Amino acid sequence: MILLAKDKKVNEQKDERSKLEKELFYEKKSAWDALREEKKMADKLGNDYREFIDNYKSEREIIDYAQKIAKKNGFVDIKDANPSTKKIYAINHSKNILLIELTNSPLEEGMRIIGSHIDSLRLDLKMSPVYEANPFLMINLHYYGGIKKYHWLNTPLAMHGVIFNKKGEKINVTIGEKEDEPVFVISDLLPHLEGAEGREKLAKDIIKGEDMDAIGATIPIEDKKIKERIKATFLKTMNDEYNITEHDFTSAELSLYPAIKSREVGIDYGMIGAPAHDDRICSYLGLEAMLKSESKKAKLLLWTDKEEIGSVGNTSMESMFLENIIEKIITLRKEKTTAKEVLQNSKALSADVTSGFDPKFADKMDPTNMNKPGFGVAVEKYTGAGGKSYGSDANAEYISWIREMLEEAKIPWQHGELGKVDQGGGGTIAYILAKYNMDIVDMGPPVLAMHSPFELVSKIDLYATFKAYKAFYEKK
Ligand code: MN
Ligand code: MN
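Read on for an overview of the structure. (Residues numbered from 1 in each chain as written. Chains lettered and ligands numbered in written order. Predicted model: local features only at pLDDT ≥ 70, side-chain atom pairs only at ≥ 80, totals over all residues. Heavy atoms only, no water.)

Glancing now at helix 7 (residues 229-242). With 14 residues, helix 7 ought to run about 20 Å at 1.5 Å a step, and its terminal C-alpha atoms sit 20 Å apart, in line with that. If you follow the buried residues of helix 7, they end up packed against strand 5 (122-133), strand 6 (136-144), strand 7 (157-164), strand 8 (170-175) and strand 9 (214-217). Phi turns positive, to about 60°, at Asn 243, one or two residues after helix 7. (Helix = DSSP H or I, 4+ residues; strand = E, 2+ residues; numbered from the N terminus. Expected span 1.5 Å × (residues − 1). Contact = heavy atoms within 4.5 Å.)

Take a look at the structure:
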C-alpha cells in the first residue's frame, strides 16, 4: 500500500510540470521506469547473456558457439545451400560468421544488416613466448587493442587459443577457466618500493608494454643438467598436456584473457560486470534479435574481428568476406543484381557499445549529449575524434527512420557523444559498411570502464538494446 502511495506522489509531481514544458522539452527517462513490467524478461536475457560470456572468449570460440546456434536454428552452411535455401551461414577463417535469412523477394530490395565485432581486449603471446628470468618462467606478451596497461596488472589471466604442431594438426588450448586450473598473472610493484618517483609516474609509464609479461611457472625441473630448469618445467608441462614443443608456439594463436566470471553489480543486481562486454554484448543481442524476429525483409547478421585494432586484415570488416558471400548467394539464386547493389539498398546498424556516464568522471562528458547507464539503448549519430575526424556520420533522414522505429516499439533510447569535444574519440565498423552507400548508424548499450578487465553494463540497457535490434529487423 505504501508503495502505491509513493508511486502516486511521483506521478503527481510529474504532472506538476507545465503544459508547455511537457509539450516542448525533451526529457531523458529512466529505462527502468519505462520497462518495469518487463523486468523479468530483462533478468532472463541478462542471465542467458552471462552464460554466453562466461563460456566464450576468443573469436574462434565465439564462432563455434554461433555455428552451433545457427545449425540448431536451421541455418545451412553456404557450401550446402541450394537456390531455395532461406537460412544460410558462412564462416571466414574461423573468426567471422555471417548469417542470412532470405525471403522470396529479390535481394536487390536490400536487407536489414546488423554488424558487430567479436574481438576483445587481451594480451597475445608473442611468437617466441617463453623466457626464463630466474626464479620465473615468463610468458612474453604483446597487448591487443587500446588498453590502460595498469588495469591488467594483478589480474588473473586465462590462456585461450590454438596451436598448430609440426604436422599441421590443430590443438585447442584453454588453461585457467576452471576453478582448479592455474591462472597467469602480471604482478605489479608493491607500494612500499614505489618511492616519490614511482608515485609521480604518468599512467602510461606505470608499466611499459614490453614489460607486460606474465608469470608462467616457478618450480625448477628435477634434471639439474638443464640450464633453464623453470623453462623446462613449463615446456614439459605443455608437452605432457598438448604434445607440443617450444617451436610450435610460432604457429599458434594464444592469448591471455581476464579469468573473471561475470557478476551482478549493486545491491539491486542492476548491472552486469564482466570482461569484454565490448562487443560480445552487441554480438550476442544481434544474434538473439535475428533468431527471435519476424520479418518480411531479408535479415543479415555479421560478426567481424580486429575492430579493436582498426578493422585491418582478412577477418576484419575491411575484408571482402561480406561482399563475396552476397555475390555467391546472388549466383546461387540466379538473380540479376550485384552484391554492391544489394548492399547499397540495405539498412544497417553498427552494433557497438558506447561510453556510459560515470559521475566520478563527469568532466569528460557533455551533460546534454551523453549516455547514462539505465536510460536505454544509445544511438550515436557519429563517432570519430577532434573535428569528427574518421567518424561515420549517419544522415538525419536515417536517424528519423530509426527514431520512428524506436518510438513505435516503445523502446527507451538515448543519444550522446562518446565524450566531450576534443576529449578523445573512438570508432566502429560503421564507416566501412558506409562505403557501400547503405544507411548506417551506431547503436548499442552504454558501458562503464570499457576496455578494462571488468566492464559494467546496465541490465535494462541490455534488454532495451535487444528490443531495438529486434525492432530494426522487423520494421516494415
Ligand atoms: Mn566495440
Ligand atoms: Mn572497443
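A few words now on the coordination of the manganese ion (ligand 1). The manganese ion (ligand 1) binds to the protein through His 117 (NE2), Asp 278 (OD), Asp 279 (OD) and Asp 352 (OD), with metal-donor distances spanning 2.1 to 2.2 Å. Between consecutive donors of the manganese ion (ligand 1), the numbers of intervening residues give the motif H-x160-D-D-x72-D. (Donors = N, O, S within 2.8 Å, 3.2 Å for Na, K, Ca; no water.)

Next up on the list: helix 4 (residues 39-55). An ideal rise of 1.5 Å per residue puts 24 Å on 17 residues; helix 4 measures up with 25 Å between its terminal C-alpha atoms. Every buried residue of helix 4 is accounted for by Ala 42, Leu 45, Gly 46, Tyr 49, Arg 50, Phe 52, Ile 53 and Asp 54. Contacts from the buried residues of helix 4 go to helix 5 (59-72), strand 11 (263-265), strand 12 (271-274), helix 8 (277-292) and helix 13 (459-474). (Buried < 20%, exposed > 50% of the residue type's maximum accessible area, 1.4 Å probe, protein only.)

In this section: the sheet that holds strand 15 (residues 354-355). With mixed pairing, 5 strands are arranged side by side in an open sheet as 11-12-22-21-15. Two strands close off the open sheet at either side, each with one partner strand: strand 11 and strand 15. Pairing of strand 11 with strand 12 involves 3 bridges; the strand directions are antiparallel. Within the sheet, the bridge partner assigned to Val 265 lies in strand 12 and is Met 271. On the sheet, helix 8 packs against strand 12, strand 21 (446-448) and strand 22 (455-458) and is oriented at approximately 35° with respect to strand 22. Those strands touched by helix 13 are strand 11, strand 12, strand 21 and strand 22, and its axis lies near 65° from that of strand 22. (Pairing = 2+ DSSP bridges. Axes fitted to C-alpha atoms, helices over the stretch in contact; angles between N-to-C directions.)

Metal coordination angles in their ideal form are 109.5 degrees for the four-donor tetrahedron and 90 or 180 degrees for the six-donor octahedron. Distances from the manganese ion (ligand 2) to its protein donors, Asp 278 (OD), Glu 308 (OE), Glu 308 (OE) and His 451 (NE2), fall at 2.0 to 2.6 Å. When the donors of the manganese ion (ligand 2) are listed by position in the chain, the intervening gaps give D-x29-E-x142-H. Here the manganese ion (ligand 2) and the manganese ion (ligand 1) are spaced 3.7 Å apart, linked through Asp 278, which binds each one. Of this pair, Asp 278 sits in helix 8 while Glu 308 sits in the loop between strand 13 (298-304) and helix 9 (321-332), and the two are 30 residues apart along the sequence. Given the relative accessible area of 3%, Asp 278 is considered buried.

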